[in-house]
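One letter stands for each residue in the lines below.
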Amino acid sequence: MSWDLPITSLGGNGTSPPPPAPTITSLGPVLVGWGGRTLSEPDVPVSPQPKPTRGRMRIHSLENVDKALQFLKEQRVHLENVGSHDIVDGNHRLTLGLIWTIILRFQIQVIKIKTEDNRETRSAKDALLLWCQMKTAGYPEVNIQNFTTSWRDGLAFNALIHRHRPDLIDFHKLTKSNATYNLQQAFNTAEQHLGLSKLLDPEDVNMEDPDEKSIITYVVSFYHYFSKMKALAVEGKRIGKVLDQVMEIAAITARYEALAAELLAWIHHTITIITNQKFANSLTGVQQQLQAFTAFCTLEKPVKFQEKGNLEVLLFTIQSKLRATNRKLYVPSEGKSISDINKAWTCLEKAEHEREVALRNELIRQEKLELLAQRFDHKAVMRETWLNENQRLVSQDNFGYDLPAVEAAMKKHEAIEADISSYQERIQVVVELALEMESEGYYDTRRIGAQKDNILRQWALLTELVRARRARLEQNLALQKIFQEMVYMIDWMEEMQVLLVSKDLGKHLLEVEDLLQKHGLLEADISAQTERVQALNAAALKFSELEGYQPCDPQIICNRVNHVQTCLEELEELAAKRRKELEDSRQLWTFFQE
């Protein structure tokens, strides 16, 4: 380390170049006189300071050094085996130790730096190291971990200067390999532009084990310079704020007026919009309106509420600034005071509450209508399916071809009629649902009405089909009963034919008389049944003459009628033949008896 430096560098921390000072070539003579200088050093942050004794004699030097040492002891600076004679007699080791102690106490220990997370405050050497690390953070190839080897390449010194005065150094052109150039540039720049004494030479730093105290002493001068530069900048800003205060108050006042007018206009416009009670006539539409309203309440309104709060803060700021300058308080324009804004905001919240209540009621109504529509659709599909199936069922005329089958079909039809009759209540439920939705103004009421009318048409068609089927069944049943009676008559006539073809004509007169009497009874029975046969045939023939639906093929009816009639005629012929035979037999036996 070169000791060819001005004495002021050991105690000064100014921001401008110091006045020329004598160069130190020998520590002994200088420290003898420097004891007095130490006592009057203006940068020593203590008070009161002892007055030095004027004079150049040895006794004066001893007295001044004693005062300096006593002063240091009063400041709780630890001094071990250091006396005024040692300093005046030029003991280099003790003198350098004393100098370092003074630098450490009054230049380094006063440094206090908070860590980046503000959790810890460091002081002295650790604080200086932390300050260097914080100021050089982010600079490539700069990693300050100590006050020795971390400074050898000169990049750390250049980074400190570039951080505060980027106009002085082009840091990106520096390379780690050119340490001597880096150090020389940093030292020269600090001396020429910052007024910091060149305490070090490049070869003092660019070595295997640089002297820590020398580097700390030099770095301390950077810290004090830049700290004072920052303080002066802050002071200049404060003066600028004072000068701009009047214009700032005027600008803030105009801003308050504009923001208040804008906020009031927004409030009145919003009240006009949200008081519109026209709702979308669908659940989806009302849900979208409610979402838009919720977005207004959670996104747009909070921003405006914040603006309202900012206006209050702005007005308070204006009044505070006016009070600070003893000026008359500001009175907002008519209708733009905070109370006017609060009244308008109250009206807005009332309208908002009413809108929200109305929206939610409408949402409940639309949800109810939607549930009714779903219920209607479900029931309508079921009813339409049931109606279609039953229409298909009653459209089939598979009644059978005999009386038991037709009677079974009639019983089945009666069961169908009973089922359909009981289903009328379910049809009425669907109709009532449709009417309720129509009365409530459901948005899809046209579709609902069309579906309801279709169900009613199908219901009317079904009832008509059931009535017509019953009529056809009754015709079939009546015809089959006639056919059954015809069968009975044919069976009876066959039985009678067996009696009439008998060869028994009697063995004597009395027996013939008895047979004739029995035959008369048979003829009377045939005569009676003939009227019944004629009635059956007439009734059957009526079915063959029907127009439209015919329960049976008319030819079949005619064939059966003809068959019955033929059987009757044959029976009558047999009866007449039997009577003639019996009459002949009676004449014969009468002849025999005579």
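Owing to the predicted nature of the structure, the values given are computational and were not obtained by experimental measurement.

**Points about the overall build of the protein chain**
So, step 1. Per the secondary structure count, the protein chain includes 15 helices and two strands.
So, step 2. Expressed as a percentage of the 594 residues in the protein chain, the buried residues total 40%.
So, step 3. Intrachain contacts of the protein chain at a sequence separation of at least 6 include 71% that bridge at least 24 residues.
So, step 4. Entry remark: accessible area of the protein chain is about 34,000 Å², with carbon and sulfur atoms responsible for 53%.

**Examining a negative patch on the surface**
So, step 1. Together, Glu569, Glu570, Glu572 and Glu573 line one region of the surface with negative charge.
So, step 2. With respect to the helices and strands, the residue Glu569 is situated in helix 15 (residues 554-593).

**Examining the side chain of Arg578**
So, step 1. Relative to the helices and strands, Arg578 is located in helix 15.
So, step 2. For the buried Arg578, no salt bridge is present, and the opposite-charge side chain at shortest range is Glu581, 4.7 Å distant.
So, step 3. Here the side chain of Arg578 touches Asp504 through a polar contact of 2.8 Å, landing on its backbone oxygen.
So, step 4. In this structure, Arg578 is in contact with Leu500, Ser502, Lys503, Asp504, Leu505, Leu515 and His519, ignoring residues within four places of it in sequence.

**Some words on the packing of helix 13 (residues 445-500) against helix 14 (residues 509-544)**
So, step 1. The contact between helix 13 and helix 14 brings their axes to 10 Å, and the two run at 155 degrees. Classified by the angle between their axes, helix 13 and helix 14 sit roughly antiparallel to one another. Crossing of helix 13 over helix 14 shows left-handed handedness. Only His519, Leu522, Asp525, Ile526, Gln529, Arg532, Val533, Leu536, Asn537, Ala539, Ala540 and Phe543 of helix 14 make contact with helix 13, whose side of the interface consists of Gln475, Ala478, Leu479, Ile482, Glu485, Met486, Met489, Trp492, Met496, Leu499 and Leu500.

**As for helix 6 (residues 155-164)**
So, step 1. Here helix 6 lies mainly inside the structure; eight of its ten residues are buried.
So, step 2. By the burial criterion, the buried members of helix 6 are Leu155, Ala156, Phe157, Asn158, Ala159, Leu160, Ile161 and His162.

**Observations regarding the nonpolar core**
So, step 1. Within the largest apolar cluster, 36 residues are counted, with the highest numbers of intra-cluster contacts made by Phe147, Trp151, Phe157 and Phe222.
So, step 2. Elements with a contribution of two residues or more to this core: helix 5 (124-136), helix 6, helix 7 (179-193) and helix 9 (212-274).
So, step 3. Among the elements that line this core, the one with the most residues is helix 9, at nine residues.
So, step 4. Residue contacts for Phe157: discarding those within four places in its chain leaves Trp151, Leu183, Ala186, Phe187, Val205, Ile215, Tyr218, Val219 and Phe222.
So, step 5. In this structure, Leu264, Ala344, Ala351 and Leu363 belong to the second largest nonpolar core, which totals 29 residues.

**Overview of the confidence of the model for the protein chain**
So, step 1. Mean pLDDT for the protein chain: 82, with 84% of residues reaching 70 or above.
So, step 2. Segment residues 1-46 is flagged for pLDDT under 50; beyond a separation of four residues in sequence, or across chains, it makes 92 contacts in the model.

**Thoughts on a nonpolar patch on the surface**
So, step 1. A cluster of nonpolar side chains, Leu588, Phe591 and Phe592, forms an exposed patch at the surface whose accessible area comes to about 350 Å².
So, step 2. Structurally, Phe592 can be placed in helix 15.
So, step 3. The exposure class assigned to Phe592 is exposed, which follows from its relative accessible area of 52%.

**Quick word on the pattern of salt bridges**
So, step 1. One pass over the structure, following the stated rule, counts 29 salt bridges.
So, step 2. Measuring nitrogen to oxygen at the nearest pair gives 3.8 Å for the salt bridge that ties Lys301 to Glu349. Here Glu349 lies in helix 11 (residues 338-394) and Lys301 lies in helix 10 (residues 283-324), a separation of 48 residues in the sequence.
So, step 3. For Lys301, a relative accessible area of 13% corresponds to the buried category.
So, step 4. Since its relative accessible area comes to 37%, Glu349 is described here as partly exposed.
So, step 5. Close ionic contact of Glu474 with Arg470 constitutes a salt bridge, the shortest N to O distance being 3.3 Å. With a gap of four residues between them, Glu474 and Arg470 both fall in helix 13, about one helical turn apart.
So, step 6. On the basis of relative accessible area, Arg470 is assigned to the partly exposed category, the value being 22%.
So, step 7. Salt bridges here are not isolated pairs; linked through shared partners, they connect Glu513, Glu523, Arg579, Glu583 and Arg586.

**Quick look at unusual backbone geometry**
So, step 1. At Glu141, a position not held by glycine, the phi torsion is positive, near 65 degrees.
So, step 2. Looking at where Glu141 falls in the secondary structure, it is placed in the loop between helix 5 and helix 6.

**Some remarks on the packing of aromatic side chains**
So, step 1. On inspection of all chains with the given rule, the structure shows 20 aromatic pairs.
So, step 2. Between Phe305 and Trp345 the ring centres are 5.7 Å apart and the planes differ by 50 degrees, which places this aromatic pair in the tilted class. Of this pair, Phe305 sits in helix 10 while Trp345 sits in helix 11, placing them 40 residues apart in sequence.
So, step 3. Ring geometry for Trp589 and Phe592: centres 5.5 Å apart, planes at 80 degrees, overall edge-to-face. Taken together, the residues Trp589 and Phe592, both in helix 15 and three residues apart, mark about one turn of the helix.
So, step 4. In this structure Trp589 comes out as partly exposed when scored by relative accessible area, which is 25%.
So, step 5. Through pairs of rings, three or more aromatic residues link up here, namely Phe147, Trp151, Phe157, Phe187, Tyr218, Phe222, Tyr225 and Phe226.
So, step 6. The ring of Tyr549 carries the charged tip of Arg472 above its face, separated from the ring centre by 5.7 Å.
So, step 7. Positioned above the aromatic ring of Phe483 is the side chain of Arg560, whose terminal nitrogen or guanidinium carbon lies 4.1 Å from the ring centre.

So, how was this worked out
Residues numbered from 1 in each chain as written. Predicted model: local features only at pLDDT ≥ 70, side-chain atom pairs only at ≥ 80, totals over all residues. Heavy atoms only, no water. Helix = DSSP H or I, 4+ residues; strand = E, 2+ residues; numbered from the N terminus. Buried < 20%, exposed > 50% of the residue type's maximum accessible area, 1.4 Å probe, protein only. Contact = heavy atoms within 4.5 Å. Areas by Shrake-Rupley, 256 points an atom, 1.4 Å probe, with all protein chains shown as cover. Patch = residues over 30% accessible without salt bridge, like charges linked within 9 Å, V, L, I, M, F, W, Y side chains within 5 Å. Salt bridge = Lys/Arg side-chain N within 4 Å of Asp/Glu carboxyl O. Lys, Arg positive; Asp, Glu negative; His and termini not counted. Charge placed at Lys NZ, Arg CZ, Asp CG, Glu CD. Polar contact = N/O pair within 3.5 Å; in protein donor to acceptor, adjacent residues only side chain to side chain. Axes fitted to C-alpha atoms, helices over the stretch in contact; angles between N-to-C directions. Parallel < 35°, antiparallel > 145°, perpendicular 65-115°, else oblique. Left-handed = near helix turned anticlockwise from the far one by under 90°. Core = buried A, V, L, I, M, F, W, Y, C linked by side-chain atoms within 4.5 Å. pLDDT = per-residue confidence, 0-100. Phe/Tyr/Trp six-rings, centres within 6.5 Å; stacked < 30°, edge-to-face > 60°. Lys NZ or Arg CZ within 6 Å of the ring centre and 35° of its normal.

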